[in-house]
Amino acid sequence: MRKTIDEINERIRDGSVSVVTADRMSEIVEEIGAEKAAKEVDVVTTGTFGAMCSSGAFLNFGHSDPPIKMVDVWLNDVRAYGGIAAVDVFIGATERSRSRGEAYGGGHVIEDLVAGREIEVYARSPGTDCYPQREIETRVRIDDLNQAIMLNPRNAYQRYAVATNSTERMMETYMGSLFPHFQNATYSGSGELSPICNDPNFETIGIGTRIFLCGGEGYIIGEGTQHNPKSRFSTLMVKGDMKQMDPAFLRGATFRRYGTTLYVGLGVPIPILNEKIAANTGVKDEDIITEVLDYGVPRRDRPVLGTVSYRELKSGEIEIQGRVIKTYPLSSHYMAKKVAETLATWIKKGEFFLTEPVKPLPLDTIQKPMRETKRHPLVMDVMVHEVVTVREDYNIQQVAKVMVDGQITHAPVVSRENKLVGILTAWDIAKVVAQGREARAGEIMTRKVLTTQLDEPVEVAARKIEKYNISALPVVDSENHVIGIITGDMISRLIGRK
Amino acid sequence: MKVRLVYTPSAIQEPLIAEIILATRAKININRADIGAVSGEMIIDIPEDKYNQVVRMFRDKGLKVSLLHRPIVRDDNRCVMCGICTSICPIGAFKIEKDWSVTFEPEKCIQCGVCVSACPTSALELSEGEI
C-alpha cells in the first residue's frame, strides 16, 4: 500500500481524507496493525505545546520620515536586536524587560503583537547621511508592521530529559521549581503526540513541510539548533506569519528566577504514505524513553539517575533508584492535544494541504560541547589548604582560642575521624558568650554545611556563596574529610565580584 | 468557610482566637497567619453552622472580615493548563484531570500564594475576598 502526498491532497480537496491524531493512531495501529492502518488513515496529526526558549520574531517597521537606522531598539522596554537593516529587528523570547525584569520579556512582546495589542517602540541611532533621524518613539500594532515573522531556531524537541534535585535546597530552574531531596521531578514534551517521535527518521518531515504554528500556517525550514538525531534529540527550525496566528496557541511566560520564554503550540501533519510510516506513528508513550537528570549538579554533564518512559512520567510518579518521585509536566498536554485536534480539523475541512518536503532533515548531526580556550579556575586553585578545624567536643574557650590563634572567623567542626560534621562562626561563639552559658562545639554548630570539592569550578562555588549568603565553604574529599576552605574574599580577589 | 481577617493594632494584643473558640466552641482551622507588631492577617476556616456567630464576634472586636469564595482567581485566557501549579501547591488544591485540564478546589486553598509566583503565564491572582 503506497500513497503519494498528491493523492492525499486530492482526498483533502474532495473531503474523503481520513485524519486522526497521533494518540488515536497509536491505538489504531495496535488494534488493526500497521498494514491496515496505512490503508485506513491518510494523515496523522501531532502536537506539542511547551516553553521553547529558542523562539523569536523578525519584525519590519517600515521607514519613518526622516528615516532612521534603528540600532538600539526596545519594544515595550525589551531590547530587540537591531544589527540588521535599518528597520528590521529580531526580538528573542528570553530577552527581559529593562524596567520589569523577568516579569515581562520578548515572549510577552510576541504574544502582545499576535493578540493585536499596541506595543511601544523606542529606537536610537548614531545618525548617518542616509538615515539622519537619531531617535524615534512610536506605538504600533501588528497590522502596522510590514512583516511579523516568527522564526524559531530550535523548537519541538523530540523528547527532553527529566529534571530532579538531589540537594538539600530548593532550586529554581528552566524546568520549574525543583524541591530538595528528590521531592519532585519535572518533564517536558508531549510523548506520543510529539511531532518528531512520530517520524524519527524524517521519512516525511523535511525542509518545506507545512505545519501548524501557533494557530497559523508555518513551515519547517531546516533542522533546529542542537539537532541530535543519533541521541533521539532531534529539533526543528520553523517559521510562520504572526499575522495569521491565534493568541490561544502561544503565550509569553516567566519561569521564576530563570527568566522569560514563550510557550509555542506546534503541530506537524504526518502523511501515511506506507506501512512503515504508519508503524512509526503507532509509537506509544511507553516506547519513548528519556533520562532523569540530577539538576542539583550545576554542570553541563549532569548525572543520569535512570531512564523512564513518557507513560511513567504521565502517570504522575516514577521510580528512580528505589525512590518514588512525583512527576509534573511543564508543557501542556491539554494544549498539545488541542493543537493536534485543530490541525486535524483544518485538514478535514479542506483548509490545510500537505507539502512535499524539498529535502529531508539530516540524520547525522551531533551536538558538541563548547570549545573553551580558557580554563575555568577550580576550587583547588584558590582554596586555603591549611584549614583550621575544631573538634565537636571542644568547649567555647577552646574554639575561641583556635579562631583567635588562626585569625579566622569560620571553623569547620570535625568528628574524631576528622570528618566534617558542622561549621562554627565567630558569631555563634559570641552568642553563647553573650548568653553567659557553656556549650560544646557540637551543640551550637550549624549542622547543615554547604561544601565544595577540589574540582568544582570557582564560579559554581561562588554561586553557592552568593545564593545562600554565606561567607565560606569547606572543601571536602569523597569521604567528607576537610581538606581546605574557600571564602567569599578569596573569590572576590580572584574574579573581582561581590 | 474560608475568611480573611485583617487585624487592628489593638486586637493583636488580645488572645482573640482563643476567646472566640472558647465562647462558640467552633472548630476553627487556622490556614495561614501573618501577625506582626502592629498589623496582621489571617486566613481561617470556620464550620458553616458557626459561621455567622464567629464572624460577628471578630467584627465586634474591630477586625475586617471578608469571605473568600474563590481564594485564587484564574484567568482562563492566560492559563495554558501546563500543571506547574499542581507541583508547587503545598496542599494539592490544583489537580490534573484525565483530559489533562487543570482544576482548582477553592475549599482546600490556604492562600499561601506560591502558585501565583510560580505560574509561568501569570494566570493566577490572589483574591482579596468579598463583603
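Residues numbered from 1 in each chain as written. Chains lettered and ligands numbered in written order. Predicted model: local features only at pLDDT ≥ 70, side-chain atom pairs only at ≥ 80, totals over all residues. Heavy atoms only, no water.

Our next topic: the interface of chain B and chain A. Contact with chain B, which involves 21 residues of that partner, is made by 24 residues of chain A. Interface area for chain B against chain A, summed over the two sides, is near 1700 Å², with a carbon-plus-sulfur share of 59%. The interface formed by chain B and chain A includes one salt bridge. For E111 of chain A, the salt bridge identified is with R78 of chain B, shortest N-O distance 2.7 Å. Mapped by element, the contributors of at least two residues to the side of chain B that touches chain A are α4 (84-88) and α5 (114-118) of chain B. Take the side of chain B that touches chain A: its biggest share by element is four residues, from α4 of chain B. Each residue belonging to the side of chain B that touches chain A can be placed in one class, and the counts come to 12 nonpolar, seven polar and two charged. (Contact = heavy atoms within 4.5 Å. Buried area = accessible area lost by both parts, 1.4 Å probe. Salt bridge = Lys/Arg side-chain N within 4 Å of Asp/Glu carboxyl O. Helix = DSSP H or I, 4+ residues; strand = E, 2+ residues; numbered from the N terminus. Nonpolar A, V, L, I, M, F, W, Y, C, P; charged D, E, K, R; others polar.)

Turning our eyes to something else, we now look at the sheet that holds strand β1 (residues 2-7) of chain B. Residue and element names in this part refer to chain B. With antiparallel pairing, the four strands of this open sheet are ordered in space as β2-β3-β1-β4. At either end of the open sheet lies a strand with only one pairing partner, and these are β2 (29-35) and β4 (64-67). Within this sheet the neighbouring strands show an average axis-to-axis angle of 15°, counted without direction. The pairing of β1 with strand β3 (residues 40-45) spans six bridges and is antiparallel. (Pairing = 2+ DSSP bridges. Axes fitted to C-alpha atoms, helices over the stretch in contact; angles between N-to-C directions.)

For the rest of this paragraph, the subject is the packing of helix α2 (residues 16-24) of chain B against helix α3 (residues 51-60) of chain B. Residues and elements named next belong to chain B. Following both chains from N to C, one finds α2 and α3 inclined at 140°, their axes separated by 11 Å at the closest point. Considering only the axes of α2 and α3, their crossing is right-handed. On α3, the residues that touch L16, I17, I20, A23 and T24 of α2 are Q53, V54, M57 and F58. Of the residues belonging to the contact of α2 with α3, the class tally is seven nonpolar, two polar and no charged. (Left-handed = near helix turned anticlockwise from the far one by under 90°.)

This next bit is on the domain arrangement of chain B. All names here are of chain B. If you check the domain split of chain B, you get domain 1 (2-67) and domain 2 (72-126). If you look at the interface, domain 1 gives six residues, while domain 2 gives seven residues. Interface area for domain 1 against domain 2, summed over the two sides, is near 450 Å², with a carbon-plus-sulfur share of 45%. Connecting domain 1 to domain 2 are zero salt bridges. (Domains from an automatic or database assignment.)

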